[in-house]
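Analysis of the macromolecular model
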Amino acid sequence: MNRRLFLERRTYRRNRLQDAARLAPVLAGFLFFGPVFILTSETGVGGGTGGWLVYFLLIWAGLVVLSAALSAALGRAFPQDRAPGEAEGD
Amino acid sequence: MLSLNGLVAISVLYVAGLFAVAFLAEKRAAEGRARWLNSPIVYTLSLSIYTTAWTFYGAVGSAARSGLEFMTIYLGPTLVFIGWFWLLRKLVRIGRAQRITSIADMISSRYGKSGGLAALVTVLAVVGTTPYLALQLQSVTLSFSVFAQPGVFDELGNDATSVWVASGLALFTIIFGTRSLDVNERHPGLVSAIALEAIVKLAALVAVGLFVVWGVASGPSDILARIEASPISQWTSNGARWVGLTMLSAAAILCLPRMFQVLVVENADERHLATAAWAFPLYLLLMSLFVLPIAVVGLEMLPGSNPDLYVLTLPLAFDQDGLALLVFLGGFSSATSMVIIAALALSTMLSNHIIVPIWLRITVGDDPMTGDMRRVALMARRLSIAGVLALGLIYYRASGGTEALASIGLIAFLGVAQVLPALLGGIFWRGATRVGAGAGIATGFAIWAWVLLLPNAATSGLMQGLLAEGPFGIGWLRPATPLGLVGADPLLTAMVLSLGANMFIFTLMSLVTFPSPMERLQGAQFVNVFDHSAPALGWQAGAAAADDLLIMARRILGSGRAGRLFQDAARAQGRAASLPDPNPDFLKMLERELAGSVGAATAHAMVYQITGGATVSVRELLAVADETAQMMEYSSRLERQSQELTRSARRLREANQKLTELGEQKDAFLSQISHELRTPMTSIRAFSELLMSDAGLDAETRARFSGIINAESLRLTRLLDDLLDLSVLEHGRVTLNESSVSLAGVLDRAEHATGVMEAGGRIAILRDPGAEEITLWTDPDRLAQVFINLISNAQKYCDAAAPELRISVLRNGPRIDVEFTDNGSGIPPHQRRLIFEKFTRLETTRDAQGAGLGLAISREVMARLGGGLTYVPGQGGAAFRVRLPARALRAA
């Protein structure tokens, strides 16, 4: 592997990392709103509160972990004073 | 059971503790040692003012009534923070780059610094926040009342409580919120106190949760079983409300003035956002973790009591006084932190966008840059804080009941959310215009106020009638059934109507109106903020900034002066051995020094580029351009002047040279003319003396002597005549006797007069009789005089062995030139300019007669006749061109 290929690969990773950061709220929205569309059926009968409470607490915690991981990865990809996104000037 | 007095004492102690923390933090920050204040954790904790007393107590109440729905107001902010990279990052960057001080400032800056728009958003914020403040005061009063009269939860406590709380909070906010008009509007003291309160309220809620799950119930599985058995075991929330409330709370966390204050204005470092992105959702998760268990246990244990106070009443019911006290402090913290920041944010807006502009209009003509203005702004801010809290208190007293206030939280959310279309449109769409934003916000605001706020706030009979019947009895305008929609969810209906109309009008008006240049510039700055701004430095810029400042100052002021300046400043700050701390005083001083060299606007921009991390605003750019234009104009004026001077100097040099030459000529002439006058005078005197003294002269000799005397006096007379003639010509007092005459005739006459025709004439004249057949209308005597002069000059000066003079006539349209060209060596170049001057004679080897007036006279004559006489170089010998006047031919 020559050096140039390595650099390109890193830039590519960075850009995908930013894509992930931008798409994270879409995932969160899907997880938050998905259940109500399933449950709002014609019968109007919801699900068990307890079960859904556990579901929401779990995905919530999962999203916190995901967000922390993304933040850390972005921090590593754009070290020091350079804020994420600077390189591509979006 | 705690006594009420004990509770008051503890509250006062707690507030004193907050004062101490805030004071300490301010002190440390001023000393530049508040590193912990600058941590992302403090930033995240300060964001927790989102969870007010309404959510602290009310979430459990909401859960008891409608199950999981309470989660929506936490899920919305979570969504926003998970998506920080897309939206919050841009918002914070813009806020720092443009030095935004409030949400009204943000909107106004984006839309061309519009004062009207800022005032509109300010009014909206005040109207939306006042009931919310009332809600906080109510919750504090209510929690006091729980201790005062246990068991009677729905009765209001002592009215004085709310007054005391409001006044205390006003004092706290004024002390720590308006210490100075800081460059960056940050308040380290307040933020640290808020962070402490965030910990207290989280700890309180988690403690109650732990107590309920493991103290009352026997673990998580038991709680789940109890949920199954409770009235809220079935989750039946309809999807629209779930999505709607989540979106609403997501909008609110961006638009609530207090959230904007901590999120954007108090942000010390952009990177803190990356931490808050997961830490704040985590905080919210912990806040909501035990809400449902507490609600379920409350429903089970305390049936019939107010579910909004389960958090407080459950520990009391189990005689957990310590825990109840902690909860009380948690609720107290939630209320106070919200009130403090909301009052601060509103006062900034009120002062900057309403009071100060009005003040400036009233005191127009005064210099707005004086220190007096600072005092006015500070006073305006202090009065605003007191005013905002008074408004909240009045609203609380006027609305009177818990029923009306309980629903105010979501109503307030929707009110401030009216700013969202203009905010998002402003930072993502360059086409958004001021007119669109103003119209959209005003429309949404009006619909929201009519459909939601007024019905909630109205208490008077008149209002009630108007609301029940609709204005003028028009049914579809009734707030309860807007557009005739019966039985709809009022909040969702109002949300769809107000935000829908808002967005539609915002978009439509933006599409059809044309933004001002300022708006377009600001729009580009906002939308493309990442292209223009560097990531901001930390708030304690510290040594790095000082270093950069020194480098810049050296470039502008020179090494020595910059060094002295920095040394003096460092000594004044008591840190002689190092660089000075870039505090506002130092920066102001440095800016002033630099302004002397590069102009005020440029200096300001340079200093803030380094220290503030802010980009240069459009207004500053315009100021810089102005200064540059002035300097350029000045320098081009200097250049013009210097060019003019150079030209004048050259002309003066030429004139001087000519004068010198003329002077020399005159000297030469004077000696010449004195010689000319002397020679005849000498002969006249000598011969007349001979005639007088010697009587024995014969008649012949006498006649000869008399002849000589006569000739010499004639010569003198001719010389004097010439001088007189020239003088007359030069002063334009000559009379011309014009008549019709033939050119050939004039030339013949001149030739005869000079005697060249006679035998022994020393010059041959070559003429072209065919070309000379021209009839002229002119003064023949004067023209002949010129020709005679030219011919006799050729006679005198032509130095050829066989001298000849060619007289040629050139016709060029209406112009007639007569050229006299001899075959001699011509006139040397350095004398060509002088030959037409008076008293000039060529320096030739020949002994020339005459006083050197001929050519000067000839030239004057030709000028009087309307023609000209010039020397034509490069013709072989001396060549003179007589240009005959154009009218000579026309009149003939």
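Now for a quick tour of the structure. (Residues numbered from 1 in each chain as written. Chains lettered and ligands numbered in written order. Predicted model: local features only at pLDDT ≥ 70, side-chain atom pairs only at ≥ 80, totals over all residues. Heavy atoms only, no water.)

1. What to know about the environment of Leu590 of chain B
Residues and elements named next belong to chain B. Positionally, Leu590 belongs in helix α28 (residues 584–598). The class of Leu590 is buried, set by a relative accessible area of 0%. A sequence separation of 21 residues divides Leu590 from Ala569, and the C-alpha atoms of the two residues are 9.4 Å apart. Other than its neighbours up to four places away in sequence, Leu590 contacts Leu549, Ala553, Leu565, Phe566 and Val607. (Helix = DSSP H or I, 4+ residues; strand = E, 2+ residues; numbered from the N terminus. Buried < 20%, exposed > 50% of the residue type's maximum accessible area, 1.4 Å probe, protein only. Contact = heavy atoms within 4.5 Å.)

2. Regarding the environment of Asp779 of chain B
Residues and elements named next belong to chain B. Assignment of secondary structure puts Asp779 in the loop between β4 (775–778) and α33 (780–797). Taking relative accessible area as the criterion, Asp779 reaches 3% and is therefore assigned buried. Along the chain, Asp779 and Asn737 lie 42 residues apart, while their C-alpha atoms are 5.1 Å from each other. The residues contacting Asp779, other than those within four sequence positions of it, are Thr735, Leu736, Asn737, Glu738 and Leu865. At 3.1 Å, the side chain of Asp779 and the backbone nitrogen of Asp781 are in polar contact. (Polar contact = N/O pair within 3.5 Å; in protein donor to acceptor, adjacent residues only side chain to side chain.)

3. Considering the packing of aromatic side chains
Considering all chains together, one arrives at 21 aromatic pairs over all chains under this definition. Considering the side-chain rings of Tyr14 of chain B and Phe332 of chain B, the 6.2 Å spacing of their centres and the 65° angle between planes classify their relative orientation as edge-to-face. One end of the pair, Tyr14 of chain B, is in helix α1 (residues 4–31); the other, Phe332 of chain B, is in helix α16 (residues 321–362), with 318 residues separating them in the sequence. Both residues of the pair, Tyr14 of chain B and Phe332 of chain B, count as buried. Here Phe56 of chain B and Tyr57 of chain B contribute two aromatic rings whose centre-to-centre distance is 5.2 Å and whose plane-to-plane angle is 90°, an arrangement assigned as edge-to-face. An aromatic cluster is built from Trp52, Tyr55 and Phe56 of chain A together with Trp242 of chain B, whose rings are joined through pairwise contacts. (Phe/Tyr/Trp six-rings, centres within 6.5 Å; stacked < 30°, edge-to-face > 60°.)

4. Observations regarding helix α9 (residues 188–216) of chain B
Along its 29 residues, α9 of chain B runs 41 Å from first to last C-alpha, staying within 8% of the 42 Å computed at 1.5 Å per residue. Of all 29 residues that make up α9 of chain B, 21 are buried, and the element is covered over most of its length. (Expected span 1.5 Å × (residues − 1).)

5. Considering a nonpolar patch on the surface
All names here are of chain B. The grouping of Trp86, Phe428, Trp429, Phe504, Leu508, Leu511 and Val512 at the surface amounts to a nonpolar patch, some 730 Å² of accessible area in total. Considering each element in turn, the nonpolar patch owes the most residues, four residues, to helix α23 (residues 490–512). Here Trp429 shows up in the loop between α20 (420–428) and α21 (434–457). Exposure remark for Trp429: the relative accessible area of 31% places this residue in the partly exposed category. (Patch = residues over 30% accessible without salt bridge, like charges linked within 9 Å, V, L, I, M, F, W, Y side chains within 5 Å. Areas by Shrake-Rupley, 256 points an atom, 1.4 Å probe, with all protein chains shown as cover. Salt bridge = Lys/Arg side-chain N within 4 Å of Asp/Glu carboxyl O.)

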